[in-house]
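# Fold and contact review
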Amino acid sequence: MITVFYSSFPDHIPDHIWHDSLRCLPIETQDKILRYHFWKDRYAGLYGQHLLLQGFLEIGLSQQDFFNIQRTSYGRPYLNDEIDFNISHSGNQVVCAISNTNSLGIDIEQIRPIEYEDFQSFMSKDEWSNIQNSTDSCNTFFEYWTKKESVIKADGRGMSAPLASLTWVDETTALLEEKKWFLNALPVSDAYSCYVASDSIEQNIKIIRKTIPE
């Protein structure tokens, strides 16, 4: 089963709530959040960690499990071989996926006008053709982008993964170096594209909105 928790953050968090929420996190996590230059990144970092903490508690893990999170050589956070999780944010939305059955990755992107031509090198010829010929090129671009990002995050290597080797079996199944990943669109918001990738077909995806602090 995959459970996806999501939340949105305001333009301003009162100082007392900010400091109380930050103190709940491991010191190294606090330091990382405070190093972000932009306030939106700091807020997203705080909300992402609290979504993960609340998610752990909801599936029966403890706060100590949350404090035991480590990182792979690629910098991907992990707990153990039984639990996988992934966090993403864009705009003022934050999502966190947790599973005790699947390896997974999640990505969310706010659909907005951008110079998506700058990202042509990340797309195959067919993908780029579909984007160019789409009746809504911006939406099609972000759909491809969130699918690809969720797959490489599930893979665990992030941008170190060979994106050029990613191919499509169909619209919801991708191959990355012969490993198959299955994609599900998540209806978090009409203004965002959000996908979760998992290493097996998963029909049972639970989506829960959270309020932070809770």
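Up top is the structure these notes are about.
Residues numbered from 1 in each chain as written. Predicted model: local features only at pLDDT ≥ 70, side-chain atom pairs only at ≥ 80, totals over all residues. Heavy atoms only, no water.

Another point: helix α6 (residues 137–155). For α6, which comprises 19 residues, the first-to-last C-alpha distance of 27 Å matches the rise-based estimate of 27 Å (1.5 Å per residue) to within 8%. Counted residue by residue, α6 has 16 buried out of 19 residues, so it is predominantly covered. Just past α6, the residue Gly156 takes up positive phi, approximately 100°. (Helix = DSSP H or I, 4+ residues; strand = E, 2+ residues; numbered from the N terminus. Expected span 1.5 Å × (residues − 1). Buried < 20%, exposed > 50% of the residue type's maximum accessible area, 1.4 Å probe, protein only.)

Located in the positive-phi region is Glu177, a residue other than glycine, with phi close to 50°. Along the polypeptide, Glu177 turns up in the loop between β8 (173–176) and β9 (179–185). You will see that Glu178, though not glycine, has its phi angle at about 70°, which is positive. The topology assignment puts Glu178 in the loop between β8 and β9.

The subject of this paragraph is the pattern of salt bridges. Two side chains that carry opposite charge are able to pair once their charged atoms sit near each other. One pass over the full model with this rule turns up eight salt bridges. A salt bridge links Asp20 to Arg23; the shortest N-O distance between them is 2.5 Å. Remark: Arg23 and Asp20 occur in helix α1 (residues 15–23); sequence separation between them is three residues, near one turn of the helix. Put simply, Arg157 and Asp155 hold a salt bridge, and the shortest N to O gap is 2.6 Å. (Salt bridge = Lys/Arg side-chain N within 4 Å of Asp/Glu carboxyl O.)

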